[in-house]
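Structural characterization, general
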Amino acid sequence: MNMFPTKVTILHRLLRFRHPCWSCPSLGRAPCSRLVLGIETSCDDTGAAVMDETGGLLGESLHSQKQVHLRTGGIIPTVAQQLHRDNIERVVQEALERSGTDPSRLSAVATTVKPGLGLSLGVGLEFSQRFVRQHNLPFIPIHHMEAHALTVRMLQPVAFPFLVLLVSGGHSLLAVARGVDDFLLLGHTLDEAPGDTLDKVARRLSLIEHPQCSTLSGGQAIELLAKDGDRTRFPLRTPMGQTYDCCFSFAGLRNQVNMLIVKEEAEEGIEPGTLLSCVKDIAAATQHTVASHLAKRTHRAILFCKATGLLPSGAPTLVLSGGVASNQYIRKALTLITDATGLRLLCPPAKLCTDNGVMIAWNGVERLREGKGILRPYVDVSYEPKARLGVDMTAAVKAAAIRLPSVRMKIPD
Ligand code: KG4
Ligand code: ZN
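Residues numbered from 1 in each chain as written. Chains lettered and ligands numbered in written order. Predicted model: local features only at pLDDT ≥ 70, side-chain atom pairs only at ≥ 80, totals over all residues. Heavy atoms only, no water.

The subject of this paragraph is the site of ligand 1. Taken together, 20 residues sit near ligand 1, with G169, D199, G219, E223 and G323 positioned nearest. In this structure, D355 approaches ligand 1 through a main-chain N or O atom, which is 3.1 Å from an oxygen atom. Coverage of ligand 1 by the protein amounts to 91% of the 550 Å² it exposes when considered alone. Looking at the shell around ligand 1, the elements that each hand over two or more residues are α5 (144–155), α6 (194–204) and α7 (218–226). Among the elements that make up the shell around ligand 1, the one with the highest residue count is α7 (four residues). Across the shell around ligand 1, the residue classes break down as three nonpolar, 14 polar and three charged. (Near = heavy atom within 4 Å. Polar contact = N/O pair within 3.5 Å; in protein donor to acceptor, adjacent residues only side chain to side chain. Areas by Shrake-Rupley, 256 points an atom, 1.4 Å probe, with all protein chains shown as cover. Helix = DSSP H or I, 4+ residues; strand = E, 2+ residues; numbered from the N terminus. Nonpolar A, V, L, I, M, F, W, Y, C, P; charged D, E, K, R; others polar.)

Spelled out as structure tokens, the structure:
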């Protein structure tokens, strides 16, 4: 179902060595393939990567702010901004050094400019605009969710159109990818994103105090604890059971879990901030409900695509990506749906599901190849904290009001 990191590493090496960067006779020692520098600062990761036109990764660097934000109990935008400022120069320099290249050999710089935290996006954009002007390079503004959606194509051939479910700390959406810059939005979250919900539940459960979880993100901590939990002990309602569209909602689920925690704290006679003895069961129930909700909305999106001919009839594909997609239980839930509907499920490895510079460089490569959205260095670009992906089809999905056949969400542990 998914590609394993080892396979990806091997693939990258093959691509890198296959690429005749230094052996083009007509150009002497000049590179034959165009190189793109990708820069990511939309949330709490400062990432950079250099990639050649074949998708060969030449060098990358990533600075994660996770440990700082875990200690402060969530992302404080001004703190994130300062950390991006402190690290961006070094991260870009490292990616260039590791790729054995310098700015004069680049063909373009691709940078996330939307959506995300304004203060964070601003750092990457300001740095990039200075950089492209200094080195007289074309600039490719990148939509962060487009980059998540296209990452899979860096790893294996996946033809358009395909269905994509993107789930992260800031987003939850279902879209049909029809081209590099051509998406149909089938569903999005009406309130918070699943990663945000998992992070908040983890904080409310004080999982940072748990010896196995102190350095894990909320989603990772919940996945780890849920492995030994009983998901049936605390039944939670799957959101939006009576709404026949593909949108998501997680705020109500968080409320259910919060009420459950308050009740259990009272029963165990402990204060908030202390670990409950039933913490693993709560983690398992929460994870199961998030997985079921994602699976059901995706099931309806697949049926909508089948009814409207939006996906190819032979070998249609569902791509699952974004930080929450690294959750194995959620992957298994989605597998139940793709097995039942005859789709193949593709998930990039966890390292490429969470934010990184590689996916931005790849999006830059895809756009460069097609000549789409490439700007001269002196064109002014603004960042956009909020930016929908593609053409909004949510009303049409809702109007279709597709009822789901029952699929037992018996997700193997
Ligand atoms: O894509 P990402 O790196 O950043 C955003 O764009 O949000 O995703 C980060 C989110 C966090 O909310 C984190 O808790 C969640 O992804 N996450 C997970 C797992 N690993 C990271 N959620 C569930 N299970 C995981 N294994
Ligand atoms: Zn992301």
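We now examine the sheet that holds strand β5 (residues 139–143). Reading across from one edge, β3-β2-β1-β4-β5 is the order of the five strands in this open sheet, with mixed pairing throughout. Sheet topology places β3 (57–64) and β5 at the edges, where each strand pairs with a single neighbour. Along the sheet, successive strands turn relative to each other by an average axial angle of 20°, direction set aside. By the bridge criterion, six bridges tie strand β1 (residues 35–40) to strand β2 (residues 45–52) in an arrangement that is antiparallel. Considered in β2, the bridge of V36 is made with M51. Across the sheet, helix α3 (residues 77–98) lies against β1, β2 and β3, angled at about 20° from β2, the strand it touches most. Each of β1, β4 (108–114) and β5 touches helix α4 (residues 118–135); the most contacted strand, β4, lies at about 155° to it. (Pairing = 2+ DSSP bridges. Axes fitted to C-alpha atoms, helices over the stretch in contact; angles between N-to-C directions. Contact = heavy atoms within 4.5 Å.)

This next bit is on the sheet that holds strand β6 (residues 162–167). Pairing within the open sheet is mixed, and its six strands lie in the order β10-β9-β6-β7-β8-β11. Of all strands in the sheet, those bounded by a partner on one side alone are β10 (344–346) and β11 (391–392). Summarising the sheet, β6 and strand β9 (residues 317–321) pair through four bridges and their orientation is parallel. Residue pairing across strands places L163 opposite L318, the latter belonging to β9. Sitting on the sheet, helix α9 (residues 279–308) is in contact with β6, β7 (172–179), β8 (182–188) and β9, with an inclination near 160° to β6.

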